[in-house]
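Descriptive analysis of the structure
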Amino acid sequence: MMAGPSCNEHALLLAEAKLEENFCAHVIPIEINRPRTILSVKKDEFLVFQRGSNEVMRVSDTNGDDIPDQIESVGAKGGNHGMAYNNGFIYISSDSTVWRWKYDLGDSAVSSERETVVINIDKDGRGGAPNGHTTRTLIFDNIGRLYISVGSAGNVDS
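Rules used in this analysis
All residue numbers refer to position in the chain's written sequence, counted from 1. A pLDDT threshold of at least 70 governs which residues receive local features in this predicted model, and a stricter bar of 80 or more applies before side-chain atom pairs are shown or counted, although totals over entire chains, interfaces and linings include all residues. As a convention, hydrogens and water are excluded, and side-chain values are obtained from all of the structure's heavy atoms. Any two strands with at least two DSSP bridges between them are considered paired. The helix and strand labels rest on DSSP assignments: H or I over at least four residues marks a helix, E over at least two residues marks a strand, and numbering proceeds from the N terminus. Angles run from 0 to 180 degrees between N-to-C directions of axes, and those axes are lines fitted to C-alpha atoms, restricted for helices to the stretch in contact. One speaks of a salt bridge when a side-chain nitrogen belonging to Lys or Arg is within 4 Å of a carboxyl oxygen belonging to Asp or Glu. Exposure classes here rest on a 1.4 Å probe applied to the protein chains alone. A residue is buried below 20% of its type maximum, exposed above 50%, and partly exposed in between.

Turning our eyes to something else, we now look at the sheet that holds strand S4 (residues 45–50). Across the sheet, which stays open at both edges, the 4 strands sit in the order S3-S4-S5-S6 with antiparallel pairing between neighbours. Looking at which strands have only one partner, the edges of the open sheet turn out to be strand S3 (35–42) and strand S6 (70–77). Between one strand axis and the next, the sheet turns by 25 degrees as a mean value, whatever way the strands run. Sheet analysis places S3 next to S4, joined by 5 bridges and oriented antiparallel. Bridge pairing in S4 places Leu39 opposite Leu47.

A few words on the pattern of salt bridges. Within this structure, the stated rule accounts for 6 salt bridges. For Arg58, the salt bridge identified is with Glu45, shortest N-O distance 3.0 Å. One end of the pair, Arg58, is in strand S5 (residues 55–60); the other, Glu45, is in strand S4, and 13 residues separate them in sequence. The pair Arg58 / Glu45 is uniform in exposure class, with both members buried.

Here it is as structure tokens:
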């Protein structure tokens, strides 16, 4: 689903979506295998971490109608949930590790081998994996510091 200030009259609208004024929602005619994190790259392109294949996919519009119609792997593989982009790199995470690849926005593939950035996340098992949450949300602040969520050893509401 996409939301934005203008609706493309050629797109399949998501009629049951409840949206604020000046927003619209479209069904994207591409199958994405268990999407987790989605990052907007530009108006007609985004990156999505596809958990079904554990890789970053580039979804783009190839025919100029403002509707993404192509999906391809950019070559960043191995995570399970988290994805972020900062300063020319794609970052993805597993339950114990964060990796990065050199990537210029809009390119069809990463341009470097995988680099390990963080290891042994939650090595003692007191929060998150192996007995609790195994996903790691990644985010950078405005000066480039990386934050990684670990979670608790169990669900608080259970």
